[in-house]
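Observations on the model geometry
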Amino acid sequence: MSVIAELSIFPLDKGVSLSPYVARAVGIIEKSGLSREFGPMGTCIEGGWEEVMQVVSACFQDLAQDCTRISMSLKIDYRQGQAGRLQSKISSVQEKLE
């Protein structure tokens, strides 16, 4: 089983420069060992459902320690029986552009 989750999480109560809080979440994602792709509007994470949800929960719990309001967007793509889609989905589109 493969789940790709696109996660965007940041506090709403910490002013306009939120990169220190985003970096905390990205650090948790990187330490998870799951395949991931960091982007300007969110981070994609690939793995099993439980693994991915544990990482999402860890990101939320970390920010909830010192943030009183948090915005989180989570988009999920599940596909049975296939892994490695984080890169293959991008490659498939790029091949068609050439």
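Residues numbered from 1 in each chain as written. Predicted model: local features only at pLDDT ≥ 70, side-chain atom pairs only at ≥ 80, totals over all residues. Heavy atoms only, no water.

What follows concerns helix H2 (residues 49-64). Structurally, the α-helix is built with 3.6 residues per turn, so residues lying three or four positions apart point the same way. Between its terminal C-alpha atoms H2 stretches 22 Å, which fits the 22 Å expected from 16 residues at 1.5 Å a residue. Listing the buried residues of H2 in full gives Val52, Val55, Val56, Cys59, Asp62 and Leu63. End-on view of H2: buried residues confined to an arc of 130°, all on one side of the axis. For H2, the exposed residues lying more than 90 degrees away from the buried face are Glu50 and Gln54. (Helix = DSSP H or I, 4+ residues; strand = E, 2+ residues; numbered from the N terminus. Expected span 1.5 Å × (residues − 1). Buried < 20%, exposed > 50% of the residue type's maximum accessible area, 1.4 Å probe, protein only. Arc of directions from axis to C-beta.)

With that out of the way, let us pick up the confidence of the model for the chain. Across the chain, the average pLDDT comes to 94, with 99% of residues at 70 or higher. Per-residue pLDDT, averaged within each element of the chain, yields its smallest value for helix H3 (residues 85-97) (87) and its largest for H2 (98). (pLDDT = per-residue confidence, 0-100.)

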